[in-house]
Amino acid sequence: MASDFIKRALTVGDVARRSGVAVSTVHFYEAKGLIEGWRTAGNQRRYHRAVLRRIAIIRIAQQAGIPLAVIREALADLPHDHVPNARDWQHFTDAWKDMLQQRIDGLTQLRDQIASCIGCGCLSLEECPLRNPADALGRQGAGPRRLIAGK
């Protein structure tokens, strides 16, 4: 039974080919804790077949703009040898709906206001309704508030 499991395990090349990502991406996902594999006695990487579904979820989430840290958090409680099912997917989407709606709202606002923003030519962020509504940053003090907050 154990040897059958090992025979059915996927190499990194198998995972890359079947999931449509580069081998380097498989390694990257593993380094970020999104997927997990093991080493054989001959020191070769092997992966459970469930990794293919995990990678599909990761790619879909990335296309939606969900950060890898959020994806990793969502996948944390899912065993690496478990093929995610519809119930698991529902759990992910429930957790991500609010974040996605905020992005949709922000992009909609940007779409609706970008022409006037670009067209004004003022290059001032003091009164920009998109980047600094009601000069909220000005109340935090002088200087490049966005850069200072990033320290």
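Structure's up top.
Residues numbered from 1 in each chain as written. Predicted model: local features only at pLDDT ≥ 70, side-chain atom pairs only at ≥ 80, totals over all residues. Heavy atoms only, no water.

## Describing the overall build of the protein
- A tally of helices and strands in the protein yields seven helices and two strands.
- Burial status across the protein gives 25% buried among its 151 residues.
- At a minimum sequence separation of 6, the contacts of the protein that also span at least 24 residues come to 52%.
- Approximately 10,300 Å² of the protein is accessible, and the part contributed by carbon and sulfur atoms is 55%. (Helix = DSSP H or I, 4+ residues; strand = E, 2+ residues; numbered from the N terminus. Buried < 20%, exposed > 50% of the residue type's maximum accessible area, 1.4 Å probe, protein only. Contact = heavy atoms within 4.5 Å. Areas by Shrake-Rupley, 256 points an atom, 1.4 Å probe, with all protein chains shown as cover.)

## Observations concerning the environment of Thr11
- Of note, Thr11 is situated in the loop between α1 (2-8) and α2 (12-19).
- With relative accessibility at 26%, the residue Thr11 sits in the partly exposed group.
- In contact with Thr11, other than residues within four places in its own chain, are Arg45, Arg46 and Tyr47.
- At a separation of 3.0 Å, a polar atom in the side chain of Thr11 contacts the main-chain amide nitrogen of Asp14. (Polar contact = N/O pair within 3.5 Å; in protein donor to acceptor, adjacent residues only side chain to side chain.)

## Focus on the packing of helix α4 (residues 51-63) against helix α5 (residues 68-75)
- In contact at an axis separation of 10 Å, α4 and α5 are set at 140° when each is read in the N-to-C sense. In terms of crossing hand, the pair formed by α4 and α5 is right-handed. Contacts between α4 and α5 involve Arg54, Ile57, Ile58, Ala61 and Gln62 from the former and Leu68, Ile71 and Leu75 from the latter. (Axes fitted to C-alpha atoms, helices over the stretch in contact; angles between N-to-C directions. Left-handed = near helix turned anticlockwise from the far one by under 90°.)

## Focus on the environment of Pro84
- Structurally, Pro84 is set in the loop between α5 and α6 (86-120).
- Using a relative accessible area of 3% as the deciding quantity, one classes Pro84 as buried.
- It is 9.4 Å that separates the C-alpha atoms of Pro84 and Val51, two residues lying 33 residues apart in sequence.
- Aside from chain neighbours lying at most four places away, what touches Pro84 is Ala50, Arg53, Arg54, Ile57 and Leu78.

## Some remarks on helix α3 (residues 23-31)
- Among the residues of α3, those classed as buried are Val26, Tyr29 and Glu30. Buried residues of α3, seen end-on, are gathered within an arc of 100° and therefore sit on one face of the element. Opposite the buried face of α3, at more than 90 degrees from it, the exposed residues are Ser24 and Ala31.
- Each element contacted by the buried residues of α3 is listed here: α2, β2 (45-46) and α4.
- Backbone geometry just downstream of α3 places Gly33 in the positive-phi region, at approximately 80°. (Arc of directions from axis to C-beta.)

## Points about a nonpolar patch on the surface
- A surface patch of nonpolar side chains, about 250 Å² in accessible area, is lined by Leu107, Leu110 and Ile114.
- With respect to the helices and strands, Leu107 occurs in helix α6. (Patch = residues over 30% accessible without salt bridge, like charges linked within 9 Å, V, L, I, M, F, W, Y side chains within 5 Å. Salt bridge = Lys/Arg side-chain N within 4 Å of Asp/Glu carboxyl O.)

## With respect to the packing of aromatic side chains
- Inspection of the entire model under this criterion finds four aromatic pairs.
- Each ring, one from Trp89 and one from Phe92, has its centre 6.1 Å from the other, and the planes form 85°; the classification is edge-to-face. On the criterion of helical spacing, the pair formed by Trp89 and Phe92 is a turn pair, its members being three residues apart in helix α6.
- Given a relative accessible area of 31%, Trp89 falls into the partly exposed group.
- Assessed through its relative accessible area of 2%, Phe92 is described here as buried. (Phe/Tyr/Trp six-rings, centres within 6.5 Å; stacked < 30°, edge-to-face > 60°.)

## A word on the side chain of Asp88
- Within the fold, Asp88 resides in helix α6.
- Despite being buried, Asp88 has no salt bridge partner; Arg87 is the closest side chain of opposite charge, sitting 5.2 Å away.
- Sequence-distant contacts of Asp88, that is, excluding residues within four places in its chain, are made with Leu78, His82 and Val83. (Lys, Arg positive; Asp, Glu negative; His and termini not counted.)

Worth remembering: the numbers are spatial, not functional.
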